[in-house]
Every structure is written in C-alpha cells, then in structure tokens.
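# Residue-level structure breakdown
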Amino acid sequence: MYLRKTILATGVAFSALATASFAHAEPTAEVLHWWTSGGEAKAVASLKEDFEANGGTWVDSPVAGGAGDAAMTVLRSRVLSGDAPAAVQLKGPAIQEWAEQGALADLNDVAAAEGWDDVIPAAIQDVMKYKGDYVAVPVNVHRVDWIWANPTLLAKVGADSAPTTWDEFNALADKLQAAGITPVAHGGQPWQDATVFETVVLGLGGPEFFQSALVDLDEDALNSDTMKAVFDQMRKIRGYVDADFPGRDWNLATAMVMNGEAAMQIMGDWAKGEFLAAGKVPGKDFICAATPSENGYLFNVDSFAMFNVSGDDKVEGQKLLAELIVGEKFQETFNLLKGSIPARSGVSLDKFDDCAKKSEADLQAAQEAGGFLPSMAHGMALRGHLAGAIVDVVTAHFNSDMSSDEAVSRLVEAVELAKD
Ligand code: GAL
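Residues numbered from 1 in each chain as written. Predicted model: local features only at pLDDT ≥ 70, side-chain atom pairs only at ≥ 80, totals over all residues. Heavy atoms only, no water.

### Concerning the domain arrangement of the chain
- Here the domain parsing of the chain yields domain 1 (25–139 + 301–354) and domain 2 (143–299 + 357–419).
- Here the C-alpha centre of domain 2 lies 27 Å away from the C-alpha centre of domain 1.
- Residue-level contacts link 26 residues of domain 1 with 25 residues of domain 2.
- Across the interface of domain 1 and domain 2, roughly 2100 Å² is buried in total on both sides, 54% from carbon and sulfur atoms.
- Together, Pro93, Ile341 and Asp353 form the three largest contributors to the area buried by domain 1 at its contact with domain 2, with a combined 23%.
- Put simply, domain 1 and domain 2 have two salt bridges between them. (Domains from an automatic or database assignment. Contact = heavy atoms within 4.5 Å. Buried area = accessible area lost by both parts, 1.4 Å probe. Salt bridge = Lys/Arg side-chain N within 4 Å of Asp/Glu carboxyl O.)

Encoded structure:
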C-alpha cells in the first residue's frame, strides 16, 4: 500500500526533525462530483466510507446535474478564483485540457508504488496520463448504448425481449403506442438527446461510420445520407416520448420505466444503478439489451483528476484517494452499485449481474471487431467545444420540426466553425 510505505519512509527520514505539520498531516480531500441520483449517491458513498475508514477526511462537493455540465461550470469558476478542489470527477479529453493549463498534480509516485501500469488497461492509461505522467485515476467502464425495458409492458404487446434492429424498435414502439403505452422514457436535456443520437449513429451507420463522423469529424460522413437517416430516426423517437419530456432528469425517466409509465429508456448503465438502488432485479423486473448495432460498444470511463493544491493534508488526501480508487476492493464495491464494470483489469465479475457480464463480453467482442468506441455525448471522444457544437444541433433538431436535410447542413457548418 502506497500510504503505509510513505508513512514508514516519512517516519525514518523526518523523525529527527519531528516537523509538526508533517507528522500530523491527516489526509483530507474535497471531492467535486455530480453523483446525486439514488444509485450514484450510493456508489459515491462507498468511496467516502472507504476513504474515511482509511483515516481520510472527506469534504463533499456535489453539483447536481446529469453528465456533469453544471459541475464543470463550477469547476471553471473555482479554478479561476484560485480555489481548486483537490479531487474532481473529470474524464476523457477534458483531463488533457486541464493538464495543458498546468492545473493537475501528478500521481506518479502512487502509480509506481501500486503498479498501475500493470493493472490499468493501456487504452485507459492513455486517457489518465498527460505527457507520460498519471494525472487522473479511472473508476469504471460505463457502456452508453443500452436499452432498459419494462418486461411487463413489452408483454402487453406480445414482445418478450428488446428489439435487435432499429426497424424492430420502431415496429415495437408503434405497437406500444397503439396500446396506449408511452414507448420511450426520455429526459429532454441536451446531453440526453445526444446520448440517444450517438446510439442511433452507431446502429444505423456502423462502427466505422461512428468513428468517421463523431470522432474524426470527417466532413463526408457528417454530410451523408446515413446522417440524414440518423436524423430521420431521431424524429421518429421524438414521436415516441411523452409530452412532459422537456427538462426531465435522466433518473426520473428511468423511474418511468421502473414504475410502468413507459416501456423503454435509451441510457448508459448508470440507469442500472437506479434500478438496483430501488431493489429491482435484472432479468425479472427490468431487461437490459444493447441498442441495435453490429458489435458496437460506446464506452464512458469515469475518472478523478487531482488538482494542484497546497498543504500536506490535501496532498496526502489526494494520494490516499487515488490509491483506493484503483484498488481492487473499491473497483468491485463501487461498480456493483454504479451499474458499470471495473476499469482495473483482473477484477472478478463473480458478484456482478448478467447485465455487467454482458457488458464485459460485448466489450471484448467489440474490441476484436473494431467497434469499441468512445462516447461523444459523455465527453470521451472530443474536446468540449467540438462535442458542444454537435450536441447543440442534435438538440435543436429534436426540439423543433427541423428537417433532416437542414440538421445535416447545420451539423456540417457547426463542426467546421468549431474546428477553426
Ligand atoms: C455520465 C457519467 C456517469 C453518470 C451519468 C449521469 O456522464 O459518466 O457516471 O453519472 O453521467 O449523471
């Protein structure tokens, strides 16, 4: 354990000096995060408990708001005013952006002591490192392209499983609607619109198209008939949601599926955390199925970055937190509650449910088939201003009667402008 080794080393090197501040540096960490829904709160509480059980003082700074848009606004103002929190839920290219600003502390000594290079998969290491230095730690692997369905409602129209093609999806939704059942539970917030959109891009276009359009921002892919078909499908889905969708939080949409008010939700597997927190059983009370695609898997890795702070207590707090997060125990406990699977390799999935096992199996298959792709909607694929340009168009289209042709030309234009 890193901390024990540090305390020993510190004891030997500094016993003669008996520096009061060093001897009494108790690990403390202010943690900025957006995990406030039922399942999320349970998961983050497990980290807090672990930290406190190891002698840490946890200062909780939750900022409500799915996908962290509000939390990132708070982060920017905190850093601007010279008051950065010690540990911040941050992911994907945003980690590199903050590192470029010189805002992040390196964790190389903990990484070396804990052997992170051997237990964090290479693709995830790339995201956690800046110029070869660890500046963040991975918490989990969430999958974005899921359908969460209520089996009782599906049975009412004779379906015993979730659809496996988008045509089947539409046919099922039409039947549900004809039976007076809301087919799709949706929260009308830009990131939720974008979550649905990227699963449709993956499904209708295939993994290569997803890569070209939403990762490489290739103009031909953005300006294509396939992209028009994606917007056509988004228009269809818009017709399957209830009238009260604008502004609804994602977890309230999950609750609609849980309570039999809507049949399906397209959402990442943090939705499973909500079902589990409510005592629901996968395969019985709810069904998990991948959104239709050919061996696709949209990944979303949550992580914490450590910001530059002063004070031995804070620095020790960051190190303890980082050590615990990558530890096997935390990776199991947290992910059982959160709906995700461990980011650390070699953690047994024995205690995990069939949805998590499917996630792991599909991840392997997608990696082999070239369909393992970063989520655009959840900040894994693009820098903030580029993703923002896409999300704005997707939302504007979903919330108006804009034609697919117009959506495509706006998309091309917005991305071109953002690239400059
Ligand atoms: C995602 C995040 C998940 C979950 C979700 C809803 O971006 O990675 O952990 O919190 O937002 O807030």
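### Section: the packing of helix H11 (residues 190–205) against helix H20 (residues 384–398)
- Two elements in contact, H11 and H20, have axes whose closest approach is 9 Å; the angle formed by their N-to-C orientations is 90°. Considering the angle they form, H11 stands roughly perpendicular to H20. Where H11 abuts H20, its residues Pro190, Trp191, Asp193, Ala194 and Phe197 lie against Ile390, Val391, Val394, Thr395 and Phe398.
- In the contact of H11 with H20, the residues fall into eight nonpolar, one polar and one charged. (Axes fitted to C-alpha atoms, helices over the stretch in contact; angles between N-to-C directions. Helix = DSSP H or I, 4+ residues; strand = E, 2+ residues; numbered from the N terminus. Parallel < 35°, antiparallel > 145°, perpendicular 65-115°, else oblique. Nonpolar A, V, L, I, M, F, W, Y, C, P; charged D, E, K, R; others polar.)

### A short note on the packing of aromatic side chains
- Inspection of every chain in the model, using the stated rule, returns 16 aromatic pairs.
- For the ring pair Trp35 and Phe334, a centre distance of 5.3 Å and an interplane angle of 50° mean the geometry is tilted. Of this pair, Trp35 sits in the loop between strand S1 (28–33) and helix H3 (38–53) while Phe334 is found in helix H18 (residues 328–338), placing the two residues 299 residues apart along the sequence.
- Grouping aromatic residues by their ring pairs yields a cluster made of Trp35, Phe304, Phe330 and Phe334. (Phe/Tyr/Trp six-rings, centres within 6.5 Å; stacked < 30°, edge-to-face > 60°.)

### A short note on helix H19 (residues 354–369)
- The first and last C-alpha atoms of H19 sit 22 Å apart over 16 residues, in line with the 22 Å expected at 1.5 Å per residue.
- Turning to H19, its buried residues are Cys355, Ala356, Ser359, Asp362, Leu363 and Ala366. The arc that holds the buried residues of H19, viewed along the axis, is 125°, so those residues lie on one side. Turned more than 90 degrees away from the buried face of H19 sit Asp354 and Glu368, all of them exposed.
- Measuring from the backbone nitrogen of Cys355 back to the side-chain oxygen at the start of H19 gives 3.1 Å, which picks out Asp353 as the cap. (Expected span 1.5 Å × (residues − 1). Buried < 20%, exposed > 50% of the residue type's maximum accessible area, 1.4 Å probe, protein only. Arc of directions from axis to C-beta. Polar contact = N/O pair within 3.5 Å; in protein donor to acceptor, adjacent residues only side chain to side chain.)

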